[in-house]
Amino acid sequence: MQKVAPSTSQTPVAGPTVITEQRNALAMITLNRPRALNAVDDGMRAAISSALPGFSSDPIIYAMVIQSSSDRAFCAGGDVRSIISTYRQDPARARGFFAEEYKLDWALECFSKPTAALIDGVVMGSGVGLSAFITHRVAGENYKFGMPETAIGLFPDVGAAYILARLPNEIGLYLGLTGRTIGRADAYALGLVSHCIPAERFEEIRAGLADAWPIDPLLDDRHVDPGDSELQRHALTIANCFSAATVSDIISRLEAVAGNDAAWAQGVRDDLLQRAPLSLEVTLRHIREARTSDIRETLIRDYRLACRFLDDGDFAEGVRAMLIDKDKSPRWSPSSLAEIPPGKVDGYFAPLTEGDLDLPAREILQSK
């Protein structure tokens, strides 16, 4: 990779949608597709993947930052419209998009240098994959986290099930099944972000890391209290309802909630009834299985599930209804939880006949 002079603040070397640069001891990756809220396409993924080995091996680089050029979004997800369009013409290429994205998520998890995601705006889907497994996640005032895949007939992928499975009080299942978003106070309380720092101070972080200041005191000194977690008010209701054995049982428990949380619980129930039934069942099992899996195993399972969702119709239908025609009236198949055929969910989790995703061992990636 081409290096820039230490005094240069921004020199594009990887195309317009991703900017990679080096500022003294700091490597920076800037997502630069603002009109699409930095929805990750294959070109962006490739640019980030190609930058990592050079950043990892360069002895001058102390730390890395992943950031956005947009004040609206860090990354709103993957370019699912492009994936569906590609699948209709070339299924293998569409499957390859998921494979390469999950390889990138794994490479970021294995990246051995301090890395901070500077997030001020929405971080969803693929954006979670780019930020969840690095060492530090910094939330600006406009931070908003979500994994809304069940609304488009998919499931929380990019390794997110590993993260969601480890949240307390079944909150991970609540977030994964409903796709609801949370702000930085909730995210900080749950450990989804490491620091809350005003976006106007992000340049101070970059400048400090460029001078190789230790990342922990640099961030700790700028952290501000984000306030009380709103979600914690519903923690007991979430724990009771989302500990049920099946999605149908979760819905039944939500319907039975009385008292102060009754209206809130009914809203959650209504959200679940709008989601793809098969996506809900797969997501429930995926997050629960991730409780006893490591990140690598979770990503391999992600690929199995993504390939199965590509081959079925709900994913394409969800993208049509929510993102293309925007009628918000998807026609799910099956249309209800009761109509899911026996063995259907089991089939999604079975190893792929053409071979599962091959992720290199951590030691191999870190030796490059």
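Residues numbered from 1 in each chain as written. Predicted model: local features only at pLDDT ≥ 70, side-chain atom pairs only at ≥ 80, totals over all residues. Heavy atoms only, no water.

**Q** Where do I start with the overall build of the chain in this structure?
**A** The secondary structure content of the chain amounts to 17 helices and 10 strands. Relative to its length of 368 residues, the chain is compact, with a C-alpha radius of gyration of 20 Å against a globular reference of 21 Å. Reported as C-alpha extents along the three principal axes, the dimensions of the chain are approximately 60 × 50 × 40 Å. Buried residues in the chain amount to 57% of all 368 residues. (Helix = DSSP H or I, 4+ residues; strand = E, 2+ residues; numbered from the N terminus. Rg over C-alpha atoms; globule rule 2.2 N^0.38 Å. Buried < 20%, exposed > 50% of the residue type's maximum accessible area, 1.4 Å probe, protein only.)

**Q** Explain the environment of Leu273 to me, please; I cannot follow it from the model alone.
**A** Position of Leu273 relative to the elements: it lies in helix H12 (residues 262-274). The exposure class of Leu273 is partly exposed, given its relative accessible area of 43%. Considered as a pair, Leu273 and Thr17 are 256 residues apart in the sequence and their alpha carbons are 37 Å apart.

**Q** I'm lost on the pairing of strand E5 (residues 115-119) in this one. Help?
**A** Across a regular strand the side chains alternate sides, sitting on one face of the sheet and then on the other. Most of E5 is tucked away, with five of its five residues classed as buried. Going residue by residue along E5, you find Thr115, Ala117 and Ile119 tucked away on one face and Ala116 and Leu118 tucked away on the opposite face as well. Strand direction decides the pairing type here: strand E3 (residues 63-68) and E5, joined by three bridges, are parallel. Paired with Met64 across the bridge in E5 is Thr115. Relative to strand E7 (residues 136-139), E5 runs parallel, the two being bridged by four bridges. Looking at E7, one finds that Ile119 is bridged to Ala139. (Pairing = 2+ DSSP bridges.)

**Q** Would you mind going over helix H1 (residues 42-57) with me for this structure?
**A** An α-helix turns once every 3.6 residues. As a result, residues three or four positions apart point the same way. Relative to the 22 Å expected for 16 residues at 1.5 Å per residue, H1 spans 24 Å between its end C-alpha atoms, a close match to the ideal helical length. Among all positions of H1, only Met44, Arg45, Ala47, Ile48, Ala51, Leu52, Phe55 and Ser56 are buried. N-cap assignment for H1: the residue whose side-chain oxygen lies 3.2 Å from the backbone N of Gly43 is Asp41. (Expected span 1.5 Å × (residues − 1). Polar contact = N/O pair within 3.5 Å; in protein donor to acceptor, adjacent residues only side chain to side chain.)

**Q** How should I be thinking about the pattern of salt bridges in this particular structure?
**A** Once their charged atoms are close, side chains differing in charge can pair, the charge on each being opposite to the other. Going through the model one piece at a time under the given rule, you end up with 23 salt bridges. One salt bridge connects Arg304 with Asp356, and the closest N-O pair in it is separated by 2.8 Å. Placement of the pair is Arg304 in helix H14 (residues 295-311) and Asp356 in the loop between helix H16 (344-349) and helix H17 (362-366), with a sequence separation of 52 residues. The class for Arg304 is buried, based on a relative accessible area of 17%. Judged by relative accessible area, Asp356 falls into the partly exposed class, the value being 29%. (Salt bridge = Lys/Arg side-chain N within 4 Å of Asp/Glu carboxyl O.)

**Q** Can you help me understand the confidence of the model for the chain in this one?
**A** Any segment with low pLDDT has predicted coordinates that should not be analysed in fine detail. Here the chain averages 94 in pLDDT, while 96% of its residues score no lower than 70. The low-confidence segment residues 1-14 (pLDDT under 50) makes 26 contacts with residues lying over four places distant or belonging to another chain. (pLDDT = per-residue confidence, 0-100. Contact = heavy atoms within 4.5 Å.)

**Q** Looking at this structure, how should I read the sheet that holds strand E6 (residues 122-124)?
**A** Note: strands within a sheet are paired through backbone hydrogen bonds, in either parallel or antiparallel orientation. Here four strands make up an open sheet; going across it, the order is E4-E6-E8-E9 and the pairing mixed. Whereas interior strands pair on both sides, the edge strands pair on one side only; in this sheet they are strand E4 (73-75) and strand E9 (182-183). Relative to E6, E4 runs parallel, the two sharing two bridges. Each residue of the ladder has a partner; that of Cys75, found in E6, is Val123.

**Q** Looking at this structure, how should I read the packing of aromatic side chains?
**A** How two aromatic rings sit relative to each other is set out by the distance from centre to centre and by the angle between their planes. Across all of its chains, the model carries seven aromatic pairs by this definition. Measuring from ring centre to ring centre gives 4.8 Å for Phe309 and Tyr348, while their planes differ by 75 degrees; the resulting arrangement is edge-to-face. Here Tyr348 lies in helix H16 and Phe309 lies in helix H14, a separation of 39 residues in the sequence. Grouping residues by exposure puts Phe309 and Tyr348 together as buried. Grouping aromatic residues by their ring pairs yields a cluster made of Phe97, Phe98, Tyr102 and Phe315. In this structure, Arg166 packs its charged tip against the face of Tyr162, placed 3.7 Å from the ring centre. The positively charged end of Arg285 is found above the aromatic ring belonging to Phe349, 4.3 Å away from the centroid. (Phe/Tyr/Trp six-rings, centres within 6.5 Å; stacked < 30°, edge-to-face > 60°. Lys NZ or Arg CZ within 6 Å of the ring centre and 35° of its normal.)

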